[in-house]
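The residues making up each chain are set out below.
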Amino acid sequence: VDCTAEGKPLCDANGVKGYPTIKWGDPSNLEDYQGARTYDALHKFATESLKPICSPSNIDLCDDDKKVEIEKFSSMGAEALDKLISEKEEEQEEAEKNFK
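(A) Examining the pattern of salt bridges more closely. Per the counting criterion, the structure on display carries 5 salt bridges. Residues D32 and K23 are paired through a salt bridge, measuring 2.6 Å at the closest nitrogen-oxygen approach. Judged by relative accessible area, K23 falls into the partly exposed class, the value being 26%. The residue K66 makes a salt bridge to E69 at a minimum N-O spacing of 3.6 Å. Of this pair, K66 and E69 both sit in helix α3 (residues 64-75), 3 residues apart, which is roughly one turn of the helix. Accessibility expressed as a relative area gives 40% for K66, which makes it partly exposed. The partly exposed category is assigned to E69, whose relative accessible area is 35%.

(B) Expanded view of the confidence of the model for the protein chain. Here the protein chain shows a mean pLDDT of 89. Residues at 70 or above account for 99%. When pLDDT is averaged over each element of the protein chain, α3 comes out on top at 95 and helix α1 (residues 8-13) at the bottom at 86.

(C) Local environment of the packing of aromatic side chains. As enumerated under the stated definition, the model contains 2 aromatic pairs in all. Measuring from centroid to centroid gives 5.0 Å for W24 and F45, while their planes differ by 85°, and the two rings are edge-to-face. Of this pair, W24 sits in strand β1 (residues 23-24) while F45 sits in helix α2 (residues 39-49); the two residues are 21 residues apart in sequence, bridging distant segments of the chain. Judged by relative accessible area, F45 falls into the buried class, the value being 17%. Taken together, the ring pairs in this structure connect W24, Y33 and F45 into an aromatic cluster.

(D) Just the state of the cysteines, in detail. For the structure on display, the rule yields 2 disulfides. Disulfide partner of C3: C11, at an S-S distance of 1.8 Å. Handedness here is read from the sign of the S-S torsion; for C3 and C11, about -70°, the answer is left-handed. With respect to burial, C3 and C11 carry one shared label: buried. Covalent S-S linkage joins C54 and C62, the inter-sulfur distance amounting to 2.1 Å. Taking the sign of the S-S torsion, 100° for the link of C54 and C62, the bridge is right-handed. Taking the relative accessible area as the measure of exposure, C54 reaches 26% and is therefore partly exposed.

Quick notes on the rules
Every chain begins its residue count from 1, and numbering advances along the sequence as written. Totals for whole chains, interfaces and linings use all residues, but because this is a predicted model, local features are given only for residues with pLDDT of at least 70 and pairs of side-chain atoms are given and counted only at 80 or more. In computing side-chain properties, one takes all heavy atoms of the structure into account and sets aside hydrogens as well as water. We define a salt bridge as a contact between a side-chain nitrogen of Lys or Arg and a carboxyl oxygen of Asp or Glu at a distance within 4 Å. Note on exposure labels: buried denotes an accessible area under 20% of the residue type's maximum, exposed denotes more than 50%, and partly exposed covers the range between, all computed with a 1.4 Å probe on protein chains only. Helix and strand assignments come from DSSP, with helices taken as H or I runs of at least 4 residues and strands as E runs of at least 2, each series counted from the N terminus. In predicted models, pLDDT denotes the confidence assigned by the predictor to each residue on a 0 to 100 scale. Aromatic rings from Phe, Tyr and Trp, with only the six-membered ring used for Trp, were paired whenever their centres fell within 6.5 Å, and each pair was classed as stacked if the ring planes differed by under 30 degrees, edge-to-face if by over 60, and tilted otherwise. Counting rule for disulfides: a pair of cysteine sulfur atoms within 2.5 Å.

The following block contains the structure:
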């Protein structure tokens, strides 16, 4: 992601403060990569640490609760998803107002 252009909001939301920053892991809980930046070090890290995780495309890796949640959202139409997203964004804005 180019954090100096269109990707800036994403970078800000994920705590990217310096460049280059490498984030990895579950998209809802990204971790900072702390290792060396050499090809060999990155290759070793990727081989040992980066594996498929629970997601709609890898549902077989999910526990039963996550499967139910994914199936619930996957079965919703675009309009229902948009409404749910809007409601959650409003809740987030309200929470941010209350806790600033």
